[in-house]
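Results of the structural survey
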There are 2 protein chains.
Amino acid sequence: MEKQPDLCRVEDALDILVGKWKPIILLHLLQQGTKRFSELKRSMPGITQKMLTQKLRELEEEDIVERIVYPEVPPKVEYSITAYGRSLEPILEAMHEWGTNHIVHKIRKQEGMNKAGSQEERK
Amino acid sequence: MEKQPDLCRVEDALDILVGKWKPIILLHLLQQGTKRFSELKRSMPGITQKMLTQKLRELEEEDIVERIVYPEVPPKVEYSITAYGRSLEPILEAMHEWGTNHIVHKIRKQEGMNKAGSQEERK
DNA sequence: CTGTATCCATGGTGATACTG
DNA sequence: CAGTATCACCATGGATACAG
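Residues numbered from 1 in each chain as written. Chains lettered and ligands numbered in written order. Predicted model: local features only at pLDDT ≥ 70, side-chain atom pairs only at ≥ 80, totals over all residues. Heavy atoms only, no water.

With an unreviewed UniProt entry as reference, chain A is termed Transcriptional regulator, source organism Paenibacillus campinasensis.

Structure below.
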């Protein structure tokens, strides 16, 4: 199951952006700079420690985020976007904009179907 | 689980682009225009009919691709990108470019590690 | 505080067979 | 030709407990 010859380096970018928490983590770090583990966790209600750790490790592995451990007690670990990671920002923003527009598109479509399907909606 | 307040319309775009075959399908249709089902299938070795149908339906649902059925025997169905679907092209291209660059990045990193650890070349 | 280690539920994907 | 219908697998994600 080889990938298409030249076509799909798209998927390399996709792999990094995708997953239930990765975009959220990236957005948080992009917008709020350096954060420590507990701060990130607090700012993402619903995420488990396991997922946060796992996704941060994956992003670190790709040099998208940087992890700095302070050898203290209690432990302190800070995460931030790398310069390289910032190269993803235009893509994230384009997707955000597209997504925002897309919900409008869907609503319009929905309205169109309502109009076509029924005369009610009189209030 | 609720999404972040404003942050993540990114995921709406992601949902459309993601999946094992969606980017490939989109790229094929973007680059090669209108194609019929069997042509698409042939041009994507490894995809099953089920997956191709399913993904095309999802893309159609989002108005990204258009499906035209010719009432003939044998059946003929053509797929193409909608004008709206083309609005995804910049994102796809940005991702393709980023991905292409990313493999270079990884190779460089790999070389760097080799150099750093080059003292030990045992076995 | 910042992680690991398990176990388990779920869904997306694939193989295969069948149909209008 | 262009699908639909089933079944099975496995990776991803979630809950929980434990540890340095």
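That covers the picture; the talk isn't over yet.
1. Side note on the relation of the copies chain A and chain B
Inclusion rule: We superpose the copies by least squares over the C-alpha atoms of residues that have a pLDDT of at least 70 in both of them. Here, residues are in contact when the closest pair of their heavy atoms is within 4.5 Å.
The two copies are related by a screw operation: chain A maps onto chain B through 180° of rotation and 0.0 Å of translation along the axis, at an RMSD of 0.1 Å. These values place the two chain copies in the arrangement generated by a two-fold rotation axis. In terms of proximity to the rotation axis, the leading residue of chain A is Ile91(A), whose C-alpha is 3.3 Å off the axis. Taken together, the interface assignments show that 98% of the residues at the interface of chain A recur at the interface of chain B, consistent with an identical surface on both copies.

2. As for the protein's contact with DNA strand C
Here is the rule: It suffices for a single heavy atom of a residue to lie within 4 Å of a molecule or strand for the residue to be listed as near it. Here a polar contact is recorded for every N or O atom pair within 3.5 Å, except that within protein the pair must consist of a potential hydrogen donor and a potential acceptor, and residues adjacent in sequence are included only if both atoms are side-chain atoms. Helical segments are the DSSP runs of H or I of at least four residues, strand segments are the runs of E of at least two, and each set is numbered from the N terminus. Any residue that is not Ala, Val, Leu, Ile, Met, Phe, Trp, Tyr, Cys, Pro, Asp, Glu, Lys or Arg is counted as polar, Gly included; the first ten are nonpolar and the last four charged.
By nearness alone, 21 residues border DNA strand C, and Gln49(A), Arg67(A), Tyr79(A), Lys50(B) and Lys55(B) come closest of all. Taken together, the sugar and phosphate atoms account for 57% of what DNA strand C places within 4 Å of the protein. Residue Ser38(A) places a main-chain N or O atom 2.8 Å away from a phosphate oxygen belonging to DNA strand C. For the surface near DNA strand C, the elements supplying multiple residues, two or more each, are α3 (37–43), α4 (49–61) and β3 (76–81) of chain A together with α4 (49–61) of chain B. Counting residues per element, the surface near DNA strand C draws most heavily on α4(A), at 4 residues. When its residues are assigned to classes, the surface near DNA strand C shows 8 nonpolar, 5 polar and 8 charged.

3. Quick word on the interface of chain A and chain B
Applied cut-off: Summed over both partners, the accessible area lost on bringing two parts together, with a 1.4 Å probe, is the buried area. Criterion for a salt bridge: a side-chain nitrogen of Lys or Arg within 4 Å of a carboxyl oxygen of Asp or Glu.
Listed by partner, the interface residues are 44 residues for chain A and 43 residues for chain B. Both sides of the chain A and chain B interface together cover about 3900 Å² of buried area, and 66% of this is carbon and sulfur. Counting across the chain A and chain B interface gives 4 salt bridges. For the salt bridge of Asp63(B) with Lys109(A), the shortest nitrogen-to-oxygen distance reads 3.8 Å. Mapped by element, the contributors of at least two residues to the side of chain A that touches chain B are α1 (10–17), α2 (22–32) and α6 (89–117) of chain A.

4. Observations regarding the sheet that holds strand β1 (residues 35–36) of chain B
Two pairing modes exist for strands in a sheet, parallel and antiparallel, and in both the strands are linked by backbone hydrogen bonds. Residues and elements named next belong to chain B. Our working rule: Any two strands between which DSSP finds at least two bridges are classified as paired. Each axis is a line fitted through C-alpha atoms, taken for helices only over the stretch in contact, and angles between the N-to-C directions span 0 to 180 degrees.
Read from one edge of the open sheet, 3 strands run β1-β3-β2, paired in antiparallel fashion. The strands lining the two open edges of the sheet, one partner per strand, are β1 and β2 (65–70). Pairing between β1 and strand β3 (residues 76–81): 2 bridges, direction antiparallel. Bridging from a neighbouring strand, arginine 36 pairs with glutamate 78 of β3. Against the sheet, α4 touches β2 and β3, its axis set at about 115° to β2.

5. Overview of the pattern of salt bridges
Residues and elements named next belong to chain A. Put simply, the rule reads: We call a residue buried when its accessible area falls under 20% of the maximum for its residue type, exposed when it is over 50%, and partly exposed in between, using a 1.4 Å probe and counting protein chains only.
With the rule as written, the count across this model stands at 14 salt bridges over all chains. Measuring nitrogen to oxygen at the nearest pair gives 3.1 Å for the salt bridge that ties arginine 9 to aspartate 12. In this structure, arginine 9 and aspartate 12 share a single accessibility class: buried. Bridged by salt links that share partners, the residues Lys22, Lys55 and Glu58 form one connected network.

6. Quick word on the packing of aromatic side chains
Put simply, the rule is: Any pair of Phe, Tyr and Trp rings, taking the six-membered ring for Trp, is counted once the centres come within 6.5 Å. Such a pair is stacked with planes under 30 degrees apart, edge-to-face with planes over 60 apart, and tilted for the rest. In this scheme, the term charge over a ring applies when either NZ of a lysine or CZ of an arginine sits within 6 Å of the ring centre and within 35 degrees of the ring normal.
Counted by the stated rule, this structure contains 2 aromatic pairs over all chains. The ring of Tyr70(A) is capped by Lys76(A), whose NZ or CZ atom sits 4.9 Å from the centre of that ring.

7. Regarding the packing of α2(A) against α4(A)
Residues and elements named next belong to chain A. Defined as follows: An angle below 35 degrees is read as roughly parallel, one above 145 as roughly antiparallel, one from 65 to 115 as roughly perpendicular, and any other as oblique.
It is the contact of α2 with α4, at a shortest axis distance of 10 Å, that shows an interaxial angle of 70°. It follows that α2 is roughly perpendicular to α4 by the angle criterion. Side by side, α2 and α4 meet where Lys22, Ile25, Leu26 and Leu29 of the first sit next to Leu52, Lys55, Leu56, Glu58 and Leu59 of the second. Taken together, the residues that form the contact of α2 with α4 break down as 6 nonpolar, no polar and 3 charged.

8. Section: the protein's contact with DNA strand D
Residues in close proximity to DNA strand D total 22 residues, the closest being Lys50(A), Lys55(A), Gln49(B), Arg67(B) and Tyr79(B). When atoms of DNA strand D within 4 Å of the protein are split into backbone and base, the sugar-phosphate part holds 62%. In the environment of DNA strand D, a phosphate oxygen lies 2.6 Å from a nitrogen or oxygen atom belonging to the side chain of Arg67(B). Listing elements by their share of the surface near DNA strand D, those giving two or more residues are α4 of chain A together with α3 (37–43), α4 and β3 of chain B. When grouped by side-chain class, the residues that make up the surface near DNA strand D number 8 nonpolar, 6 polar and 8 charged.

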